[in-house]
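# Descriptive structure summary
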Amino acid sequence: MTLHRSVFAVAALAIGLTSQAAVAETIIFAGPGGSWQKVMEAEAIRPFEKICGCDVRYQAGTSNESLARVVATKGNPEIDVMYSGNLQQVQGANLGLFLPLDETKVPNLKTVWPNLRTPGDINANLGVIGGGLIYNADIFKEKGFAAPTSYKDLARPEFKGRIALQPASNNYGLGLVLLMAKDGGGGADNIDPGFEMAKKLSESAAVYARNAADMSRGFQQGTVWIAWWGDVRANTLAKTFPAAKWVKAKEGIPPIFMGASVVKGTKVEGTAYKLIDYLLSKEVQERLAGKLSIGPTVTTAKLDPAVADKVIDGKDEVEALTDIDWNIVAAKKAEWIERWNREVQHR
């Protein structure tokens, strides 16, 4: 009798373990690769797996690549959560690719700064990158230049032939054009003032930076003294080139958001919502701010002063972010890129 009971107990345990293994969920999370992926996996993805008892597979790629994959597999998605730049989030939402979020499914949504919540909560902004001025502090000190405070400082005569510009195809370059347009009385719905100023700045350009490597090289080689770039990129450059200093422009801070959305048609909807909720938690937001130099989007995050000084943080800075109609940007970006190539970067 005891033997039969032991056999039954072992069999029941085996069935239980098999059942648990069978219901363990796998969620596909698409996000940036490289060092960004390493941080996300260590600080967010692996800890979440321990909480949910699930398997999160990180699919690395650019924001455009992730969106293209979601579009290509519409109806039977290969991606469950898409983590990308906000422009691709807007494009995906306009194509009806995402499920809406709400506070019953994602309770931490209620802690997001009001002006950082997206229309209809179709996705969640998880981090903010600010566009601003980067300059070579050693050169400025050596030559007695006043530190920059405005994007208009890029047009100062002493910097002719010493500035770097990024094209409208680049998020930072486009952010500068939008800020200049707004400061000139326009905005996303009237981009002309931004292009007029861009043409003026092109007269002083030493480098048209196609990517981060071009920008970094320009500063390290001494060709570039001042430029417009993101706080995340500037903080990364400063680790190997300490003379690089980043400051916010007094006219405002054009933001780039990293957002996440639940892809329509996912078979792990509940877990996908829980993952986004976890990414909005106070602890994860604080860890990512420290490791990625990306500003938190929740009111509950409390950063170490040394970290807070490098990112967009706190009520005043969040409210200083330039208000941009991303739907217009998504619709007009291709046209603006062509215009930039024709009118500004013509050499």
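You'll find the structure just up there.
The paragraphs below set out a description of the structure included in this document. None of the values given here were measured: they were computed from a predicted structure.

### Some details on the overall build of the protein chain
Broken down by element type, the protein chain carries 14 helices and 10 strands. With respect to the three principal axes, the spread of C-alpha positions in the protein chain is 95 × 40 × 35 Å. As displayed, the protein chain has an accessible area near 16,100 Å², and 53% of this comes from carbon and sulfur atoms. Separation between the mean location of the 40 positive side-chain charges and that of the 38 negative ones in the protein chain comes to 4 Å.

### Structural notes on the environment of Ala188
As for its position among the elements, Ala188 is in the loop between helix H6 (171-183) and helix H7 (192-202). Spatially, the C-alpha atoms of Ala188 and Trp326 are 8.2 Å apart, while their sequence positions differ by 138 residues.

### Here we look at the packing of H6 against H7
Contact geometry for H6 and H7: axes closest at 7 Å, N-to-C directions at 115°. In the crossing of H6 with H7, the sense of the turn from one axis to the other is right-handed. Of the residues in H7, those in contact with Leu176, Val177, Met180 and Ala181 of H6 are Pro193, Gly194, Phe195, Met197, Ala198 and Leu201. Its residues assigned to classes, the contact of H6 with H7 shows 9 nonpolar, 1 polar and no charged.

### Here's the deal with the packing of helix H3 (residues 63-72) against helix H4 (residues 86-94)
A pair of packed helices is characterised by two quantities: the angle between their axes and the separation of those axes. The contact between H3 and H4 brings their axes to 9 Å, and the two run at 15°. When the axis of H3 is compared with that of H4, the two are roughly parallel. As H3 runs across H4, the sense of the crossing is right-handed. Only Gln88, Gln91 and Gly92 of H4 make contact with H3, whose side of the interface consists of Ser63, Asn64 and Leu67. Class assignment for the residues of the contact of H3 with H4 results in 1 nonpolar, 5 polar and no charged.

### Remarks on the environment of Thr104
Structurally, Thr104 can be placed in the loop between strand S4 (98-99) and strand S5 (124-136). With relative accessibility at 69%, the residue Thr104 sits in the exposed group. For Thr104 and Tyr273, which are 169 residues apart along the polypeptide, the C-alpha to C-alpha distance reads 9.9 Å. At 2.3 Å, the side chain of Thr104 forms a polar contact with the side chain of Asp102.

### Examining the packing of aromatic side chains
All told, the structure shown has 8 aromatic pairs when counted by the stated rule. When the centroid spacing of 5.5 Å and the interplanar angle of 85° are considered together, the rings of Phe140 and Phe145 count as edge-to-face. Phe145 matches Phe140 in its accessibility class, with the two residues each being buried. These aromatic residues form a ring-pair network of at least three members: Tyr135, Phe140, Phe145, Phe159 and Trp225.

### A short note on the layout of surface pockets
Of the voids in this model, the largest pocket is the one considered here, and its volume is about 1,100 Å³. Lining the largest pocket are 35 residues, and of these Pro32, Trp36, Ile129, Tyr172 and Arg233 lie nearest its centre. The biggest single contributor to the lining of the largest pocket is helix H9 (residues 231-238), with 4 residues. Of the residues in the lining of the largest pocket, the class split is 12 nonpolar, 18 polar and 5 charged. Taken as a whole, the second largest pocket spans an internal volume of roughly 490 Å³. What lines the second largest pocket is a set of 23 residues, among which Arg117, Thr118, Pro119, Ile324 and Trp326 lie closest to the centre. Among the elements of the structure, H4, strand S10 (255-263) and helix H14 (326-343) are those that each provide at least two residues to the lining of the second largest pocket.

Criteria and cut-off values
- Residues numbered from 1 in each chain as written.
- Predicted model: local features only at pLDDT ≥ 70, side-chain atom pairs only at ≥ 80, totals over all residues.
- Heavy atoms only, no water.
- Helix = DSSP H or I, 4+ residues; strand = E, 2+ residues; numbered from the N terminus.
- Areas by Shrake-Rupley, 256 points an atom, 1.4 Å probe, with all protein chains shown as cover.
- Lys, Arg positive; Asp, Glu negative; His and termini not counted.
- Charge placed at Lys NZ, Arg CZ, Asp CG, Glu CD.
- Axes fitted to C-alpha atoms, helices over the stretch in contact; angles between N-to-C directions.
- Left-handed = near helix turned anticlockwise from the far one by under 90°.
- Contact = heavy atoms within 4.5 Å.
- Nonpolar A, V, L, I, M, F, W, Y, C, P; charged D, E, K, R; others polar.
- Parallel < 35°, antiparallel > 145°, perpendicular 65-115°, else oblique.
- Buried < 20%, exposed > 50% of the residue type's maximum accessible area, 1.4 Å probe, protein only.
- Polar contact = N/O pair within 3.5 Å; in protein donor to acceptor, adjacent residues only side chain to side chain.
- Phe/Tyr/Trp six-rings, centres within 6.5 Å; stacked < 30°, edge-to-face > 60°.
- 1 Å grid on protein atoms, 1.4 Å probe; cavity = no way out; pocket = protein on both sides within 12 Å on 5 of 7 lines; lining within 4 Å.
- Points joined across faces, edges and corners; volume = space filled by probe spheres on them.

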